[in-house]
Amino acid sequence: MTLGRLVGRRLLIGAFILAVVSVLVFGASLLLPGDAARAVLGRSASPDRLEIVRAQMHLDDPPLLRYLSWAGDLLTGDLGSSTVSQEPVLDLIAGRSGNSLLLMAIAALVATPLSLLLGTWSALRRDKAADHLTSMGTLVLASLPEFVVGIVLIFVFSTGLLSWFPAVVSSTEGILEQPAVLVLPVATLVLAVSPYITRMMRATMLEVLDSDFVHQARMNGVPERSVLWRHAVPNAIGPVAQVIALQLAYLAGGIVLVEFLFDYPGIGEGIITAVDARDIPTLQALVMLVAAFYVLVNLLADVVGVLANPRLRTAGA
Amino acid sequence: MSGAPPLGGGGPSVDPGTADLAPGLLRRSWAVGRTKVGLALTLLVVAVAVVGPFVAPESETGFVGLANVRDAPGTLFGTDNIGRDVWSRFLYGGISLLWLSALCTIIGVGSGLLVALLAGYSRTWVDEVLMRTTDVFLAFPAIVLALLFLAVFQPQPWTVVLTVAAGHAPRVARVMRAAVLDVAGRDYVRSAESMGLRRWPIRLGDLLPNVTGPLMVESGLRLTYSVGLVAGLGFLGLSGLEADQADWGQMINENRVAFEVQPWAVLLPVVAIGLLTVGTNLVADGIARAAAGTDREVAE
């Protein structure tokens, strides 16, 4: 199967999954106890006003019709308005998704080279103290929930021992006007995803270093430095690429607790605010956005995995 | 692995089908150093959570002084956000996390295993339908799925358990289905089929006993994630417990605003949660290494 067909097929499956997800997300709102009109107007609303708002929100239409109109609006970019602030959900999302993407992009750009180097270094010192220390350190870090790591970082670098970086984001300025606030959330996310990449890089490097062509290169008198950087590392990165892509997808979930912890105005914090306020239109849009991102990045991971492993390409994966 | 036992079901010369059987695997896991460390950490935290309520100096909800005082007289770790004893709240607050996480793991792994046994050994449309269903649930990060559920069904202990378990089930189903598929083609399954055994007896009698290795690793991992998720939801203020109940996740939520003046009320539960997740994950890793029959890094 050619790469184009593979990507096309995966995109089609992805679109299908998202369509089913949208039914699920919309269906969830139908199951809500109480009705959305009452949520907008509050407990003391009069029956007349409830009736009017219900008609405005098309709450009395059959569920299928409501789903179709909701899904149609979603596809055309009309995400409705927040039942809390009455602002269009789209405005709310635009700023937040930019902030979240910034956070994830910096975390990925820091974590990837760091973990690749650490994994390579660990593999080169196989079974020495440094290797065991890396192995144990990554295992411990991989166990810890992100908010635990984040709170410890806040204690050490912000409020407790040192006061180097701010622990919360000021809501009056944009993120870029206060770059120092990015340090601790990024560090938390880097510590969350690096262990997996590091361990995978170490494992594949051990395999590559043990392979025939590396032995061959050494016997042919290729200097060790170039054996490592010209031959071994490029061959090890392929299989690791899929893990890197999967960790990017993981970040989409990881940001939820981290953004809440640092009061970071992103998608994750938006989801929690929407859950607390039972702001369903906002929640639906944000959850769909995360699902779309998640499905897309997982698709990317699939494709990268196939590219890195040519055998899968011919196996019709 | 250097410490492989010379005798018993785990020896390399035994039929590979029985090599995964639990007793042998447990013994080999024990020989991996980190299993012992992990178990010690886990038991330490469990002991604190179980014994804690009996040795707490104050009651769970009683007021002992002003709010957020770090060195309130007569207290070990000061008072919390409304003036309760932090040390006593900490001692009371572990047990809810333990049993909620345990339930999430049992339900999540159990239902995932059921799906895997059904899908991995059906060779019909059932497999396809079940796996495409897991795809849909895998389209969300676990925490986002949990938040969507909790927005619809108000946070209650049982809704929290079900949402976290629902996040685990498709992931467990994936891993265990692969393990079941691997076993399903082996000779002893073929011979059971040729003897005319029906599908469920084969699933429970031949397949299940031979996937205990991956099942135990998966259970350990899911327990680690359950602790993180349940505590994380508590940290978000969505634990679903009574508002004044002491709970480690909820304690972090209540006291995080005053973290700078009174760090203990946050740090004690954070450290306990951290030790617990590290402990359970070390055990899971120890079992994984023993199951892979190697003391080396397990790839993937």
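Residues numbered from 1 in each chain as written. Chains lettered and ligands numbered in written order. Predicted model: local features only at pLDDT ≥ 70, side-chain atom pairs only at ≥ 80, totals over all residues. Heavy atoms only, no water.

### Notes on the overall build of chain A
- A count of helical and extended segments in chain A gives 13 helices and zero strands.
- For chain A, the N- to C-terminal ordering of α and β elements is α-α-α-α-α-α-α-α-α-α-α-α-α.
- Dimensions along the principal axes, computed over C-alpha positions, put chain A at roughly 90 × 55 × 30 Å.
- Taking all 317 residues of chain A together, 46% fall into the buried category.
- When contacts within chain A are restricted to residue pairs at least 6 apart in sequence, long-range pairs at least 24 apart make up 72% of them.
- Summed over its atoms, the accessible surface of chain A is roughly 15500 Å², and 66% of this surface lies on carbon and sulfur atoms. (Helix = DSSP H or I, 4+ residues; strand = E, 2+ residues; numbered from the N terminus. Buried < 20%, exposed > 50% of the residue type's maximum accessible area, 1.4 Å probe, protein only. Contact = heavy atoms within 4.5 Å. Areas by Shrake-Rupley, 256 points an atom, 1.4 Å probe, with all protein chains shown as cover.)

### Examining the packing of helix 7 (residues 146–159) of chain A against helix 12 (residues 264–291) of chain B
- Two elements in contact, helix 7 of chain A and helix 12 of chain B, have axes whose closest approach is 10 Å; the angle formed by their N-to-C orientations is 135°. By the criterion of interaxial angle, the relationship of helix 7 of chain A to helix 12 of chain B is oblique. Regarding helix 7 of chain A and helix 12 of chain B, the two cross each other, and that crossing is left-handed. Note on element contacts: helix 12 of chain B touches helix 7 of chain A through Val-266, Leu-267, Val-270, Ile-273 and Gly-274 of chain B, opposite Phe-147, Val-148, Ile-151, Val-152 and Phe-155 of chain A. (Axes fitted to C-alpha atoms, helices over the stretch in contact; angles between N-to-C directions. Parallel < 35°, antiparallel > 145°, perpendicular 65-115°, else oblique. Left-handed = near helix turned anticlockwise from the far one by under 90°.)

### Some remarks on the interface of chain B and chain A
- Taken residue by residue, the interface counts 45 residues in chain B and 49 residues in chain A.
- Interface area for chain B against chain A, summed over the two sides, is near 4200 Å², with a carbon-plus-sulfur share of 75%.
- Summed over the shared surface of chain B and chain A, the result is two salt bridges.
- Between Asp-263 of chain A and Arg-256 of chain B there is a salt bridge, and its shortest N-O distance comes to 4.0 Å.
- If you look at where chain B meets chain A, you find two residue pairs in polar contact (both at pLDDT 80 or more).
- Where the side of chain B that touches chain A is concerned, the elements lending two or more residues are helix 5 (125–137), helix 6 (142–152), helix 10 (212–235), helix 11 (248–255) and helix 12 of chain B.
- Taken together, the residues that form the side of chain B that touches chain A break down as 27 nonpolar, eight polar and 10 charged. (Buried area = accessible area lost by both parts, 1.4 Å probe. Salt bridge = Lys/Arg side-chain N within 4 Å of Asp/Glu carboxyl O. Polar contact = N/O pair within 3.5 Å; in protein donor to acceptor, adjacent residues only side chain to side chain. Nonpolar A, V, L, I, M, F, W, Y, C, P; charged D, E, K, R; others polar.)

### Considering the nonpolar core
- One finds Leu-147 and Leu-236 of chain B to be the most contacted residues of the largest nonpolar core, which totals 105 residues.
- In terms of residues, this core owes the most to one element, helix 12 (residues 280–308) of chain A, which gives 11 residues.
- Lining this core are residues from two domains, each supplying at least three of them: domain 1 (3–75) and domain 2 (92–312) of chain A.
- The next biggest cluster of nonpolar side chains, apart from the first, holds 19 residues, and it includes Ile-197, Leu-209, Val-227 and Ala-236 of chain A. (Core = buried A, V, L, I, M, F, W, Y, C linked by side-chain atoms within 4.5 Å. Domains from an automatic or database assignment.)

### Some thoughts on the domain arrangement of chain A
Residues and elements named next belong to chain A.
- For chain A, the assigned domains are domain 1 (3–75) and domain 2 (92–312).
- Distance between the C-alpha centres of domain 1 and domain 2: 33 Å.
- Residue-level contacts link 17 residues of domain 1 with 14 residues of domain 2.
- Contact between domain 1 and domain 2 buries roughly 1300 Å² in total, counting both sides, with carbon and sulfur atoms accounting for 83%.
- For the pair domain 1 and domain 2, the number of links is one salt bridge.
- Across the domain 1-domain 2 interface, the total number found is two residue pairs in polar contact (both at pLDDT 80 or more).
- Of all elements in the fold, only helix 1 (3–30) and helix 4 (63–75) reach the threshold of two or more residues within the side of domain 1 that touches domain 2.
- Of the residues forming the side of domain 1 that touches domain 2, the biggest block, 13 residues, is contributed by helix 1.

### Quick look at the side chain of Asn-99 of chain A
- Among the secondary structure elements, Asn-99 of chain A is positioned in helix 5 (residues 89–124).
- Once residues within four sequence positions are removed from consideration, Asn-99 of chain A is found in contact with Ile-175, Tyr-264, Pro-265 and Gly-266 of chain A.

### Comments concerning the pattern of salt bridges
- In total, this model carries 18 salt bridges over all chains according to the counting rule given.
- Ionic pairing is found between Glu-269 of chain A and Arg-96 of chain A, a salt bridge with its closest N-O pair at 3.1 Å. One end of the pair, Glu-269 of chain A, is in helix 11 (residues 267–277); the other, Arg-96 of chain A, is in helix 5, and 173 residues separate them in sequence.
- Classification of Glu-269 of chain A by relative accessible area gives buried; the value is 18%.
- Linking Glu-254 of chain B and Arg-89 of chain B is a salt bridge whose minimum nitrogen-to-oxygen distance equals 3.4 Å. Of this pair, Glu-254 of chain B sits in helix 11 while Arg-89 of chain B sits in helix 3 (residues 86–92), placing them 165 residues apart in sequence. The pair Glu-254 of chain B / Arg-89 of chain B is uniform in exposure class, with both members buried.

### Observations regarding the packing of helix 10 of chain B against helix 12 of chain B
Residues and elements named next belong to chain B.
- Look at helix 10 against helix 12: their axes get within 8 Å of each other, and the N-to-C directions meet at 165°. By the criterion of interaxial angle, the relationship of helix 10 to helix 12 is roughly antiparallel. Taken as a pair, helix 10 and helix 12 cross one another with a handedness that is left-handed. Contacts from Met-216, Val-217, Gly-220, Leu-221, Leu-223, Thr-224, Val-227, Gly-228 and Ala-231 of helix 10 reach helix 12 at Ile-273, Leu-276, Thr-277, Thr-280, Asn-281, Ala-284, Ile-287 and Ala-288.
- Grouping the constituent residues of the contact of helix 10 with helix 12 by class yields 11 nonpolar, six polar and no charged.

### Quick notes on a nonpolar patch on the surface
All names here are of chain B.
- On the surface, Val-50, Val-51, Phe-54, Val-55, Ile-95, Trp-99, Leu-103, Ile-106, Ile-107, Trp-158 and Leu-162 cluster together to form a nonpolar patch covering roughly 1100 Å² of accessible area.
- Counting only elements with at least two residues in the nonpolar patch, the list comes to helix 2 (33–55), helix 4 (94–120) and helix 7 (157–184).
- Looking at where Trp-158 falls in the secondary structure, it is placed in helix 7. (Patch = residues over 30% accessible without salt bridge, like charges linked within 9 Å, V, L, I, M, F, W, Y side chains within 5 Å.)

### Some thoughts on the packing of aromatic side chains
Residues and elements named next belong to chain A.
- Within this structure, the stated rule accounts for 12 aromatic pairs over all chains.
- Look at Phe-26 and Tyr-67: their rings are 5.6 Å apart centre to centre, the planes differ by 65°, and that puts the pair in the edge-to-face class. Note that Phe-26 is positioned in helix 1 and Tyr-67 in helix 4, a separation of 41 residues in sequence. Tyr-67 carries the same exposure label as Phe-26, and that label is buried.
- A centroid spacing of 6.1 Å and a plane angle of 45° characterise the contact between Tyr-67 and Trp-70, whose relative ring orientation is tilted. With Tyr-67 and Trp-70 both in helix 4 and three residues apart, the pair spans about one turn of that helix. One exposure class covers both Tyr-67 and Trp-70, and it is buried. (Phe/Tyr/Trp six-rings, centres within 6.5 Å; stacked < 30°, edge-to-face > 60°.)

### Things to note about unusual backbone geometry
Residues and elements named next belong to chain A.
- Of note in this structure, Asp-127 is not a glycine but carries a positive phi near 65°.
- On the secondary structure map, Asp-127 appears in the loop between helix 5 and helix 6 (129–143).
- Positioned with a positive phi, Asp-263 is a non-glycine residue whose angle comes to about 55°.
- Considering the arrangement of structural elements, one finds Asp-263 in the loop between helix 10 (224–261) and helix 11.
- Given the relative accessible area of 34%, Asp-263 is considered partly exposed.

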